[in-house]
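Below, each chain spelled out in residue letters.
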Amino acid sequence: MKVERKVALALAREALEAVAGPGDGTLVERLAKICFHAVVAGSLRRGAAEVGDVELMLHHPETAGCPVTARLDAFAAAKGWTCPKHGRKWLRYEGGPCPLDVFVCRGPEQWGYLLTVRTGPTEFAKSYVQQMRTLGFEGKGGFVHALVESEAYGAGEVVAMYEEKDAFDKVGLRWVDPAERSLREGEVLCLAERRWWG
């Protein structure tokens, strides 16, 4: 079941307000106190008029006292929602107007890659990963690794992707704005910039 963009945006804001917690300042200021990054991803980020779920990408300190998960759990429990998926990297809450998926980035080197893949859609993410691999890089465990040695990277080295643009630039692919990433099944978007490595 799909919901209108405004309904999904309201749900995303409510969830982010729960993560930020009460206090002085704007939502962005309060989020900055608890998260390094907090972004709406998926079809909502791509500008879709209707969405099947709300996806949030969070990068926060991995410390015992970090209240992000507890705040999300309390938010969902207060609404009577269930949480059928409750892992370290992915939480799924159901019971609202549409599912709420929260993806957690555990290291700054992952952020750009994970945001690119989570923004999707699936066909774009598959195409991106396949083309990245043909250029000598592989996503593994949420990190991108160089498959072969080059001037820039040693074989097996983690390629740090601190921003989403890094997920394209550092592997030789051209940037595509999230609004332009929608592909139909089987469609491939050529991202290669024809850079020569090694």
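Residues numbered from 1 in each chain as written. Predicted model: local features only at pLDDT ≥ 70, side-chain atom pairs only at ≥ 80, totals over all residues. Heavy atoms only, no water.

Caption draft 1: Spatial organisation of the overall build of the protein. Each helix and strand in the protein was counted, giving 7 helices and 10 strands. Its C-alpha atoms give the protein a radius of gyration of 18 Å, within 12% of the compact-globule value 16 Å for 198 residues. Considered along the principal axes of its C-alpha atoms, the protein spans approximately 55 × 40 × 30 Å. Here the analysis covers contacts within the protein between residues at least 6 apart in sequence; of these, 55% occur between residues at least 24 apart. If you sum the accessible surface of the protein, you get close to 10,300 Å²; carbon and sulfur atoms cover 54% of it. (Helix = DSSP H or I, 4+ residues; strand = E, 2+ residues; numbered from the N terminus. Rg over C-alpha atoms; globule rule 2.2 N^0.38 Å. Contact = heavy atoms within 4.5 Å. Areas by Shrake-Rupley, 256 points an atom, 1.4 Å probe, with all protein chains shown as cover.)

Caption draft 2: Focus on the pattern of salt bridges. Following the criterion strictly, the structure yields 12 salt bridges and no others. In this structure, glutamate 14 and lysine 79 form a salt bridge, with 2.9 Å as the shortest nitrogen-oxygen distance. A residue pair is termed long-range when its members are at least 10 positions apart, and glutamate 14 in helix H1 (residues 5–20) and lysine 79 in helix H4 (residues 68–79) qualify at 65 residues. Residue glutamate 14 is classed as partly exposed on the basis of its relative accessible area of 37%. Among the ionic pairs, lysine 165 bridges to aspartate 169, the shortest N-O distance being 3.4 Å. According to the relative accessible area criterion, lysine 165 is partly exposed, its value standing at 44%. What makes aspartate 169 partly exposed here is its relative accessible area of 27%. (Salt bridge = Lys/Arg side-chain N within 4 Å of Asp/Glu carboxyl O. Buried < 20%, exposed > 50% of the residue type's maximum accessible area, 1.4 Å probe, protein only.)

Caption draft 3: Structural context of the pairing of strand E8 (residues 137–140). As defined by bridge partners, E8 adjoins strand E9 (residues 143–146) across 4 bridges and the pair is classed as antiparallel. Its bridge partner lying in E9, phenylalanine 137 is registered against alanine 146. (Pairing = 2+ DSSP bridges.)

Caption draft 4: Representation of the sheet that holds strand E2 (residues 37–41). The strand order across the open sheet formed by 5 strands is E2-E4-E7-E6-E5, and the pairing between neighbours is mixed. Here the strands that pair on one side only, and so sit at the sheet edges, are E2 and strand E5 (82–86). Between one strand and the next, the sheet's axes are offset by a mean angle of 20 degrees, whatever the strand orientation. Of the pairings in the sheet, the one linking strand E4 (residues 54–59) to strand E7 (residues 100–105) comprises 6 bridges and is parallel in character. What sits directly across from leucine 56, in E7, is valine 102. Most of the contacts of H1 go to E4, to which it runs at about 30 degrees, and overall it touches E2, E4 and E7. (Axes fitted to C-alpha atoms, helices over the stretch in contact; angles between N-to-C directions.)

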